[in-house]
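# Observations on the model geometry
One-letter residues, chain by chain:
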Amino acid sequence: MADALPHRTIADAAARLAAGTLSSVELTRAVIARTQAVEDRVKAFNSRDESDALVQAAASDARRAAGQALGPLDGIPVGLKDVIAVNGQPLTASSRMLANFVSPYDATVTARLKKAGAVLWGRLNLDEFAMGSSTENSAFGPTRNPWDLTRVPGGSSGGSAAALAAGCALATLGSDTGGSIRQPAALCGVVGLKPSYGLVSRYGLIAFASSLDQIGPFARTVEDAAIMLGAIAGHDPLDSTSFRAEVPDYRRALTEKKGPWRIGIPREYFGEGLDPEVGAAVEQAIAHYRAQGCEIREVSLPHTQYCLDTYYIIATAEASSNLARYDGVRYGHRAEGVTDIEQLNSRSRAEGFGAEVKRRIILGTYVLSSGYYDAFYLRAQKVRTLIRQDFLNAYRDVDVLLTPTSPVPAFKLGEKSDPLAMYLCDIYTIGVNLAGLPAISVPCGFTRAGLPVGLQLIGQPFREADLLAVARHYEQAHDWHTRVPAL
Amino acid sequence: MKYEAVIGLEVHVQIKTRSKMFTRVGAGYGHEPNTLTDPVVLALPGVLPVMNKAALDAVIKAGLMLGCDIAPVCKWDRKQYFYPDSPKNYQISQYDQPICQGGAVEIELPGPARNIMGEHKRIPLTRIHLEEDVGKLNHFATDSLVDFNRAGTPLMEIVSEPALHTADEAYAYLTSLRATMIYGGISDCDMEKGQLRCDANISIRPVGETKLGTKVELKNLNSISFVRDGIAHEIKRQIGVFERGGTIVQETRDYDGQTGASQSLRTKEMAHDYRYFPDPDLMPVQVDAAWKARLQAECPELPFVKQRRFLEQYQIPYTITSVLVWDRALSDYFEEAAKLAGPGRAQAVGNWLVNDLLREIGAAKTDLAAAKVRPPHLAELVRLVDEGKLLPNLARTVFAQMFATGEMPSAIVAREGLAAAPTDAGELEQWCRDAIAAKPDAAAEFKAGKESAINALKGPVMKAAKGKADPKQVDATLRRLLA
Amino acid sequence: MAATDLNIDHVARLARLALTPEEKAAFARQLGDVLHHIEQLGKVDVSQVEPTAHAFPVVNVWDADEPRPGLPVEVALQNAPRQRDHMFAVPKVVE
Ligand SMILES: [Mg+2]
Ligand SMILES: [Zn+2]
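Now for a quick tour of the structure. (Residues numbered from 1 in each chain as written. Chains lettered and ligands numbered in written order. Predicted model: local features only at pLDDT ≥ 70, side-chain atom pairs only at ≥ 80, totals over all residues. Heavy atoms only, no water.)

The subject of this paragraph is the overall build of chain A. Broken down by element type, chain A carries 16 helices and eleven strands. Overall, chain A is about 65 × 55 × 45 Å in size when its C-alpha atoms are taken along their principal axes. Counting over 487 residues, chain A shows a buried share of 68%. Long-range contacts, defined here as pairs at least 24 residues apart, represent 75% of the contacts in chain A between residues at least 6 apart. Carbon and sulfur atoms form 48% of the exposed surface of chain A, whose accessible area is close to 14100 Å². Charge-centre separation for chain A: the mean point of 49 positive side chains lies 2 Å from the mean point of 51 negative side chains. (Helix = DSSP H or I, 4+ residues; strand = E, 2+ residues; numbered from the N terminus. Buried < 20%, exposed > 50% of the residue type's maximum accessible area, 1.4 Å probe, protein only. Contact = heavy atoms within 4.5 Å. Areas by Shrake-Rupley, 256 points an atom, 1.4 Å probe, with all protein chains shown as cover. Lys, Arg positive; Asp, Glu negative; His and termini not counted. Charge placed at Lys NZ, Arg CZ, Asp CG, Glu CD.)

Take unusual backbone geometry next. Residues and elements named next belong to chain A. The peptide bond linking Gly155 to Ser156 adopts the cis configuration, its omega dihedral lying at 10°. One can find Ser156 in the loop between β3 (119–124) and α5 (158–165). A cis geometry characterises the amide bond from Gly259 onward to Pro260, with omega recorded as -5°. Structurally, the position occupied by Pro260 is in the loop between α8 (250–256) and β7 (262–266).

Here we come to the packing of helix α9 (residues 375–386) of chain B against helix α11 (residues 409–416) of chain B. All names here are of chain B. The contact between α9 and α11 brings their axes to 8 Å, and the two run at 55°. In this view, α9 runs oblique relative to α11, as classed from their interaxial angle. Note on element contacts: α11 touches α9 through Pro409, Ser410 and Val413, opposite His377, Glu380, Leu381 and Leu384. Of the residues belonging to the contact of α9 with α11, the class tally is four nonpolar, two polar and one charged. (Axes fitted to C-alpha atoms, helices over the stretch in contact; angles between N-to-C directions. Parallel < 35°, antiparallel > 145°, perpendicular 65-115°, else oblique. Nonpolar A, V, L, I, M, F, W, Y, C, P; charged D, E, K, R; others polar.)

Residue and element names in this part refer to chain B. Distances from the magnesium ion (ligand 1) to its protein donors, Tyr83 (O), Ser86 (O) and Asn89 (OD1), fall within 2.0 to 2.4 Å. Sequence positions of the residues that donate to the magnesium ion (ligand 1) give the spacing Y-x2-S-x2-N. Note on accessibility: Ser86 and Asn89 belong to one class, buried. (Donors = N, O, S within 2.8 Å, 3.2 Å for Na, K, Ca; no water.)

Summed over the entire model, instances satisfying the criterion amount to 34 aromatic pairs over all chains. Geometrically, the ring pair formed by Tyr311 of chain A and Tyr312 of chain A is edge-to-face, given 4.9 Å between the ring centres and 85° between the ring planes. For Tyr311 of chain A, a relative accessible area of 3% corresponds to the buried category. Ring geometry for Tyr274 of chain B against Tyr276 of chain B: centres 6.0 Å apart, planes inclined by 65°, an arrangement best described as edge-to-face. Judged by its relative accessible area of 25%, Tyr274 of chain B is partly exposed. Three or more aromatic residues link up through ring pairs in this structure, and these residues are Phe101, Phe129, Tyr326, Tyr331 and Phe353 of chain A. Taking the ring centre of Tyr171 of chain B as reference, the NZ or CZ of Arg228 of chain B above it sits at 3.8 Å. (Phe/Tyr/Trp six-rings, centres within 6.5 Å; stacked < 30°, edge-to-face > 60°. Lys NZ or Arg CZ within 6 Å of the ring centre and 35° of its normal.)

Attention now moves to the sheet that holds strand β5 (residues 77–80) of chain B. All names here are of chain B. Here we have three strands laid out as an open sheet, ordered β6-β5-β17, and antiparallel in their pairing. This sheet does not close on itself; its edge strands, each paired only once, are β6 (90–93) and β17 (277–278). Where β5 meets β17, two bridges bridge the pair, whose relative direction is antiparallel. The partner of Asp77 across the bridge, within β17, is Pro278. (Pairing = 2+ DSSP bridges.)

Right, let's get into the state of the cysteines. Working definition of a disulfide: a covalent bond connecting the sulfur atoms of two cysteines. All names here are of chain B. As enumerated under the stated definition, the model contains zero disulfides over all chains in all. In this structure Cys198 is a free cysteine whose sulfur lies 12 Å from that of Cys189, the closest cysteine sulfur available. Overall, Cys198 belongs to the buried group, its relative accessible area being 2%. (Disulfide = S-S within 2.5 Å.)

All names here are of chain A. Ordered by their spatial adjacency, eleven strands build an open sheet running β1-β3-β2-β4-β6-β5-β10-β11-β9-β7-β8, and the pairing between neighbours is mixed. Each having just a single partner strand, β1 (45–47) and β8 (295–299) make up the two edges of the open sheet. Pairwise comparison of adjacent strand axes, ignoring direction, gives a mean angle of 35° for this sheet. Of the pairings in the sheet, the one linking strand β2 (residues 77–81) to β3 comprises four bridges and is parallel in character. From the neighbouring strand, Leu80 faces β3, where its bridge partner is Arg123.

Turning next to the layout of surface pockets. Residue and element names in this part refer to chain B. There is about 570 Å³ of room inside the second largest pocket. Contributing to the lining of the second largest pocket are 18 residues, with Glu108, Pro110, Tyr318, Ser322 and Trp326 lying nearest its centre. Elements with a minimum of two residues in the lining of the second largest pocket: β8 (104–108), α2 (167–183) and α6 (318–324). Of the residues in the lining of the second largest pocket, the class split is eleven nonpolar, four polar and three charged. Both domains that meet at the lining of the second largest pocket, namely domain 1 (3–294) and domain 2 (303–416), each give it at least three residues. (1 Å grid on protein atoms, 1.4 Å probe; cavity = no way out; pocket = protein on both sides within 12 Å on 5 of 7 lines; lining within 4 Å. Points joined across faces, edges and corners; volume = space filled by probe spheres on them. Domains from an automatic or database assignment.)

Below, the discussion takes up the interface of chain A and chain C. Quoted interface sizes are often the accessible area lost when the parts come together. With 66 residues of chain A in contact, the opposing surface of chain C contributes 53 residues. For the pairing of chain A and chain C, the buried interface totals around 5300 Å² over both sides, and the portion due to carbon and sulfur atoms is 68%. When the area that chain A buries against chain C is broken down by residue, the three leading residues are Arg334, Ile362 and Arg379 of chain A, summing to 13%. Joining chain A to chain C, the criterion identifies three salt bridges. A salt bridge links Glu342 of chain A to Arg13 of chain C; its shortest N-O distance comes to 2.6 Å. Viewed at the interface, chain C and chain A are joined by 21 residue pairs in polar contact (both at pLDDT 80 or more). Breaking the side of chain A that touches chain C down by element, the ones donating at least two residues are α10 (307–322), α11 (341–352), α12 (355–368), α13 (374–394) and α14 (419–423) of chain A. Here the residues of the side of chain A that touches chain C are counted per class, giving 34 nonpolar, 18 polar and 14 charged. (Buried area = accessible area lost by both parts, 1.4 Å probe. Salt bridge = Lys/Arg side-chain N within 4 Å of Asp/Glu carboxyl O. Polar contact = N/O pair within 3.5 Å; in protein donor to acceptor, adjacent residues only side chain to side chain.)

Contacts between the two partners involve 34 residues from chain C, matched on the other side by 46 residues from chain B. Of the roughly 3500 Å² buried between chain C and chain B on both sides combined, carbon and sulfur atoms contribute 61%. For the interface between chain C and chain B, the tally reads two salt bridges. In this structure, the salt-bridge partner of Arg84 of chain C is Asp143 of chain B, at a minimum N-O distance of 2.7 Å. Where chain C touches chain B, the interface holds 20 residue pairs in polar contact (both at pLDDT 80 or more). Looking at the side of chain C that touches chain B, the elements with two or more residues in it are α1 (8–14), β1 (62–63), α3 (73–76) and β3 (87–91) of chain C. By residue number, the principal contributor to the side of chain C that touches chain B is β3 of chain C, which donates five residues. Among the residues making up the side of chain C that touches chain B, the classes are represented as 20 nonpolar, five polar and nine charged. As judged from the four bridges shared by strand β11 (residues 143–147) of chain B and β3 of chain C, these two strands associate in the antiparallel manner.

Moving on, we come to empty space enclosed by the protein. Taken as a whole and judged by the stated rule, the model has ten cavities of 30 Å³ or more. Approximately 220 Å³ is the volume attributed to the largest cavity. As for the largest cavity, its lining consists of 25 residues, of which Arg325 of chain A together with Val40, Val47, Pro49 and Lys88 of chain B are closest to the centre. If you add up the space inside the second largest cavity, you get close to 60 Å³. Arg48, Asp49, Asp52, Leu80, Val86, Gln89, Leu120, Trp121, Gly122 and Arg123 of chain A together form the lining of the second largest cavity.

This brings us to the pairing of strand β14 (residues 216–221) of chain B. Residues and elements named next belong to chain B. The buried fraction of β14 is high, at five of six residues. When strand β13 (residues 196–206) meets β14, the two strands line up antiparallel, connected through four bridges. Among the inter-strand pairings, Ala200 is bridged to a residue of β14, identified as Leu218. Here β14 pairs with strand β15 (residues 251–256) via four bridges, running parallel. Within β15, the residue paired with Glu217 across the bridge is Thr252. Once you follow β14 into helix α3 (residues 224–243) and on to β15, the crossover reads as left-handed. (Right-handed = clockwise from strand over helix to strand, strands pointing away.)

Moving on, we get to the pattern of salt bridges. A full pass over the atoms with the stated rule returns 68 salt bridges over all chains. Where Asp63 of chain C meets Arg24 of chain B, a salt bridge forms, and the shortest distance between an N and an O atom there is 3.4 Å. One end of the pair, Asp63 of chain C, is in strand β1; the other, Arg24 of chain B, is in the loop between β1 (3–14) and β2 (51–52), on a second chain. Considered together, Asp63 of chain C and Arg24 of chain B belong to a single accessibility category, that of buried residues. The salt bridge partner of Arg78 of chain B is Asp281 of chain B, with a shortest N-O separation of 2.9 Å. Remark: Asp281 of chain B occurs in the loop between β17 and β18 (285–286) and Arg78 of chain B occurs in strand β5; sequence separation between them is 203 residues. For Asp281 of chain B, a relative accessible area of 3% puts it in the buried group. Through salt bridges with shared partners, a single network forms among Arg202 and Asp239 of chain A together with Arg78, Asp279 and Asp281 of chain B.

Set out below in structure tokens:
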């Protein structure tokens, strides 16, 4: 099963494409066939255009035949979370609000993937406007976890994680505001990378929380993640928060950077609420690094207990503002039978947004409203400074931090009906967004019930090359990533 | 009881850039609806703002011209309110860290007569900040239509202290502010095109009271005269309310310049809660000394500073100066011509410029830049007259030809044979004797004390001289002979 | 910062969300829980702490004032729910 075409790695497929033993059309057809076979059970896609994908694949084959192949992604089918704009394609954010929206422009990551020759294949499901941790908050219905169809794939980038795990793409892009790449990667048994804030352009990514959002790849291996990151990273003049960071050859760095590394274990990430099976798998990973000669140090991130509150204030405040543009005037859902402009706005928004989005808009509006700014938003920004400082202090003694990605493995659909319970899914991932750090989730085992477990490695700002090398070191000694769900 | 008004003005000035404030689609006026948009202007899902460097330069320059303190660091905030002309439903603006603080606008109040300079005052500014304009709503019978061409145009908001007291002061403030912006090349300030817009906060209080009264915001004052009229009307209205024993409600009123009436738009109960917070999509602006110095060097001399210099340096009357200094091109033209004409001739240059050239330009419906008469022409004309080479009465003829053709005055004089010939004193005396002999009645009347009768004698003399006699010399000769 | 401060009618109007009475009741309860949780932020001493607006702040990120082409008007209006005469149509606005 793992050697079937749709489950190949990018590295492997690229080698075959280069050798001429595989064509992009062949590969894309296999991915389409796999999608057709499983999609009615997984429901990872919001939309897909098979003929368009085959046209792109044929163009890739033609380039290659002409000796103009563009690199390792040329001809590789890559899926995009449905919050990333592609010119002429639907862009819904899994919201009724944007059910009929067609983007007239490309996101920067889209343009870069096109330039790398990738076959852009399908728009993947998510929690509406990326708000959630289970992909249940989609206006188009939930995505299922390929390892257990009664369970969630995680979220918000659940469609991106599930599609990859199910063999419906060779890599996908997601976005991560508080763990939305890493948590579903962990729950679906794939690699998920959240880059440093500013490494990948946000231009063309539907904004949830501007100061936290980052686009990043889902891939089968750390090497594939490195290939994807190399294609999308780098300064973009269209994003004022894009950082002028050096973009090394991440793939080459995987073999150049050798340990041993000093690995920090933040004690606050191993407390109450951590599933014992998840904890055990992560302990095994720690034991691996120790056995390989890495120095394992316990560290403290003392403001960890404030991460969740800080996150929910900043994220909802920014979201309430970012989502004000959906007003039924220029695009998007528009209520019928309204008589004045306030009704048009209020009813279009009430009809277009789902419950979680409305809840967060209300919270975000409240924390910014007159008289509350200092107590909530400003205070949260100050606590954010302390949280960030915790991480930077820890990096005086260690190279990377190691934690579980999610406190629990994939849970049942409908299991977490209380918003606060759902918010607690992100407790190990949101600190990274608040601090702007890069972090990766790699598969590190399975529960007795056969559910994947993820290991989170947190790196230093813009040192993705080191982070990937540390992750790859673990991955090479294990075979978790080669397993394929029985669908 | 005597009342005094306290007025603060909020002026929005569009900055003249080629592209918009936070995206590079073109900015402009008078284009077909929605032809100056892009994904950022329309606030499509996923877009992000990027600052326009030229707009920052312009607002800093404006601040330097008005003597503001330029903040070493400032940031951007989102001002949030829903309105269909605002694509994001927030405006990117500056809340607690405006780029300019303090400063003042110098104003000149009307003098006791047109030719006497009025009192000068400095109206302190609170702040100037940078933001983006909104789109335009067009209202129809059953719906409104939104055009986003204007949306995203760089906009400066210039806020005065509540330090103005009369409608005339407000008028003078706007006149001066507008001239300053035009001088700096910051904006064309065409109010009809919405490039300068003014809201006024007005309250009244009994004279002697130091506490401010309840303020009323007056909106839609869309010409400088409407600002004056609207404020005068509002002051009168508030005094009327007071005198009838009423109280002023805090509200926003709309002034209609056509009817001269105002009506309430909304009262304070419905005031906005803008939920300002720092825009996470934009980085702060840091203005260092070198940047400031570079812009300072580009700042032109302000109109009133120029006025004081002209009065002193060129010794020309206020009536001419006050016309020259309000137009940068005109004052530059003047200075160039005065320099070419040489010392002592500035007033003549000014007279020609203000009285003749501007009149001809107006009549020909052209402008100074297009006029064929350039500073060297005017300078030469003045010099020819002053040196006695061209008689003043012929200079007008030369000017008219020069205006039409752009020929140099010396060339016209030579071609038309208009050069003042040195008049032979004997010949002139003979012409004068002939004239007196021909008009004995006029000569008698003059001798009897009727001063104006001498003019009747000058005609024949000038005729005999074919116009080239110096009128002063003719006058002197006639008087000597009639003495 | 008491959770009971949340005036859901007022906030919903600010946010332009026409919520049903059921939604209002549910949100008030759920957000009450969240706000109760958030109250613990009040315990952190932030008196000496500067706020973080950007994880990696830099200054003066701008473009030169060089216009680029925008969207053709048909494309600008392609997603408009209502349009007329190349403009976006809304219910009559009275200001
Ligand atoms: Mg709007
Ligand atoms: Zn303003």
